[in-house]
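Observations on the model geometry
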Amino acid sequence: MTRKTDAIYAAPLKEMIDFKFDERVVAVFPDMIQRSVPGYGLIISNIGILAAKYAQAGSHCYDLGCSLGAATLAMRQRITQPDCDIIAVDNSPAMIERGRELLARDTEPSVPVTMVCADLQEVAIENASVVVLNFTLQFVPPAQRLALIQRIYAGLRPGGILILSEKIAFSEPERQHFHVEVHHDFKRANGYSDLEISQKRSALENVMIPETLSCHQERLQAAGFSFSELWFQCFNFASLVAIK
């Protein structure tokens, strides 16, 4: 199936509204994410590898903020432990509807998957061995982030993992400037115009709030995780794994 090209911000907008995961975004999301997030495909494939290593028999695996279910599918294709299931959660009805269609095309289902349209902060995390927040926490209001991580920690089995991928910020102005500029160069190299880059950045300004790597690490420790490791970084995009 041909991937639809993201041109949402290609023409000048009369009025700038906050970014949201609506039908327009869902229609072009695979193209948007691949052209916007350095290393996205590598992150997804390695989420599957990490899930296969840490999934425990008879447990739940969660994909919180699952979008179209890329991480869910990566886990499903790798997990071999018996009696595991995956609970994929997103608050966008359009994402869940399209995600279910894509999931139905998986011709060799092995791990049961339930896709739930809900606020991830209202979903119980229980008997979990793997929890994924793949570019999700950055959309949660900062004041609510610690409580969410604490709730995930409480719902994890001993030896369970949290995989946390985020766009990150830098406290030093020179480093912040460097990473912003090279990320924009990455997007230009993938065909986005300066107008598209500028308009999308404005649309995301009040919706997506990145934090520094040290802020994430300190929060993980405060929530109870004694071990966390940065396993991936490309420009200002990073992924950590924390083990209970």
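Check the entry above for the structure.
Residues numbered from 1 in each chain as written. Predicted model: local features only at pLDDT ≥ 70, side-chain atom pairs only at ≥ 80, totals over all residues. Heavy atoms only, no water.

Right, let's talk about the overall build of the protein chain for a bit. Per the secondary structure count, the protein chain includes eight helices and eight strands. Each of the three principal axes of the protein chain carries a C-alpha extent, and together these read 50 × 45 × 30 Å. Relative to its 244 residues, the protein chain shows a buried fraction of 49%. A sequence separation of at least 24 residues applies to 79% of the contacts in the protein chain between residues at least 6 apart. Taken as a whole, the protein chain presents about 11,700 Å² of accessible surface, with 53% of it coming from carbon and sulfur. Side chains of the protein chain carry 23 positive and 28 negative charges; the gap between the two charge centres is 3 Å. (Helix = DSSP H or I, 4+ residues; strand = E, 2+ residues; numbered from the N terminus. Buried < 20%, exposed > 50% of the residue type's maximum accessible area, 1.4 Å probe, protein only. Contact = heavy atoms within 4.5 Å. Areas by Shrake-Rupley, 256 points an atom, 1.4 Å probe, with all protein chains shown as cover. Lys, Arg positive; Asp, Glu negative; His and termini not counted. Charge placed at Lys NZ, Arg CZ, Asp CG, Glu CD.)

This paragraph deals with the pattern of salt bridges. Applying the stated rule across the entire model yields eight salt bridges. With its nearest N and O atoms 2.8 Å apart, the salt bridge here joins aspartate 185 to arginine 188. With aspartate 185 and arginine 188 both in helix H6 (residues 173-189) and three residues apart, the pair spans about one turn of that helix. Residue class for aspartate 185 comes out partly exposed when judged on its relative accessible area of 42%. Residues participating in the shared-partner salt-bridge network are Arg145, Glu211 and Arg219. (Salt bridge = Lys/Arg side-chain N within 4 Å of Asp/Glu carboxyl O.)

Moving on, we come to the pairing of strand S5 (residues 156-169). Within S5, 11 of the 14 residues are buried, which leaves it mostly tucked inside the rest of the structure. Here strand S4 (residues 128-134) runs beside S5; their pairing, made up of six bridges, is parallel. Note on S5: the bridge partner recorded for alanine 128 is leucine 156. In this fold, S4 hands off to helix H5 (residues 145-155), which returns the chain to S5; that crossover is right-handed. Two elements, S5 and strand S8 (residues 237-243), share seven bridges in a ladder whose sense is antiparallel. Paired with lysine 167 across the two strands is phenylalanine 237, which belongs to S8. With two bridges joining them, S5 and strand S6 (residues 211-212) adopt parallel strand pairing. Paired with isoleucine 168 across the two strands is glutamate 211, which belongs to S6. (Pairing = 2+ DSSP bridges. Right-handed = clockwise from strand over helix to strand, strands pointing away.)

What follows deals with the packing of helix H2 (residues 40-54) against helix H3 (residues 70-78). With their axes 8 Å apart at the nearest point, H2 and H3 run at an angle of 40° to one another. Between H2 and H3, the angle is such that the two are oblique. The two elements H2 and H3 meet at a crossing, and its hand is right-handed. Only Ala70, Ala71, Ala74, Met75 and Arg78 of H3 make contact with H2, whose side of the interface consists of Tyr40, Ile44, Ile47, Gly48, Ile49, Ala51 and Ala52. Residues of the contact of H2 with H3, tallied by class, amount to 10 nonpolar, one polar and one charged. (Axes fitted to C-alpha atoms, helices over the stretch in contact; angles between N-to-C directions. Parallel < 35°, antiparallel > 145°, perpendicular 65-115°, else oblique. Left-handed = near helix turned anticlockwise from the far one by under 90°. Nonpolar A, V, L, I, M, F, W, Y, C, P; charged D, E, K, R; others polar.)

Moving on: the packing of aromatic side chains. Counted by the stated rule, this structure contains four aromatic pairs. Between phenylalanine 135 and phenylalanine 237 the ring centres are 6.0 Å apart and the planes differ by 65°, which places this aromatic pair in the edge-to-face class. Taken as a pair, phenylalanine 135 in the loop between S4 and H5 and phenylalanine 237 in strand S8 lie far apart in primary sequence, 102 residues in all. By relative accessible area, phenylalanine 135 is classed as buried at 9%. (Phe/Tyr/Trp six-rings, centres within 6.5 Å; stacked < 30°, edge-to-face > 60°.)

Below, the discussion takes up H2. Across its 15 residues, H2 extends 21 Å between first and last C-alpha, which sits within 8% of the 21 Å expected from 1.5 Å per residue. Here H2 has its buried residues at Tyr40, Ile43, Ile44, Ile47, Gly48, Leu50 and Ala51. At its buried positions, H2 is contacted by helix H1 (23-36), H3, S4, S5 and strand S7 (227-234). (Expected span 1.5 Å × (residues − 1).)

Another point: unusual backbone geometry. The phi dihedral of serine 67 is positive, around 55°, even though this residue is not glycine. Along the chain, serine 67 falls in the loop between strand S1 (60-64) and H3. For phenylalanine 135, which is not glycine, the phi dihedral falls at a positive 60°.

Attention now moves to the side chain of histidine 184. Mapping histidine 184 onto the fold places it in helix H6. Beyond its immediate sequence surroundings of up to four residues, histidine 184 is in contact with Ile197 and Arg201.

Checked against the element boundaries, glutamate 229 lands in strand S7. Considering only alpha carbons, one finds glutamate 229 and valine 241, 12 residues apart in sequence, at a separation of 5.4 Å.

Function-wise, these values are silent; they only describe arrangement.
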